[in-house]
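# Observations on the model geometry
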Amino acid sequence: MRHVYECPNCRVIGDPRITRADAVSDRTAHRDRAHHGLAPSGLGHGPADSIQAVPGMLGQLARGAFADLAAAGQRRQHAKARAASAANARAERLATIAFFAVLVVVLVVITR
Ligand SMILES: [Zn+2]
């Protein structure tokens, strides 16, 4: 996990830092230089500055792997749903055929 300081008012972004404290130091230095030690306002001048957590390389790989797994799971669920839907349609057809077969048998028995 990396931490990045960003000041949208000045359209600048700091280098990714290993610790949040380092990103806070970037924020302090930027506020001192560019904003006379004050915090840039988010009111009427765009969003305020912020420190954002950015996943590191392993985090991005893990996130990508989980996204792939989730997509594969969704594809599997869609395939299962389609298979279940096809099975339901087949069962309905069989039930309809069985119903009419029984109806025909009953009519034949009754009309004798
Ligand atoms: Zn700024």
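Throughout what follows, the structure given in this document is the object of discussion. (Residues numbered from 1 in each chain as written. Predicted model: local features only at pLDDT ≥ 70, side-chain atom pairs only at ≥ 80, totals over all residues. Heavy atoms only, no water.)

### Quick notes on the pattern of salt bridges
On inspection of all chains with the given rule, the structure shows 2 salt bridges. Notably, a salt bridge pairs Arg 31 with Asp 49, separated by 2.9 Å at the nearest N-O pair. One end of the pair, Arg 31, is in helix 1 (residues 20-35); the other, Asp 49, is in the loop between helix 1 and strand 3 (50-54), with 18 residues separating them in the sequence. (Salt bridge = Lys/Arg side-chain N within 4 Å of Asp/Glu carboxyl O. Helix = DSSP H or I, 4+ residues; strand = E, 2+ residues; numbered from the N terminus.)

### Considerations on the packing of aromatic side chains
Applying the stated criterion across every chain yields a total of 1 aromatic pair. Measuring from ring centre to ring centre gives 5.3 Å for Phe 99 and Phe 100, while their planes differ by 75 degrees; the resulting arrangement is edge-to-face. Residue class for Phe 99 comes out exposed when judged on its relative accessible area of 51%. (Phe/Tyr/Trp six-rings, centres within 6.5 Å; stacked < 30°, edge-to-face > 60°. Buried < 20%, exposed > 50% of the residue type's maximum accessible area, 1.4 Å probe, protein only.)

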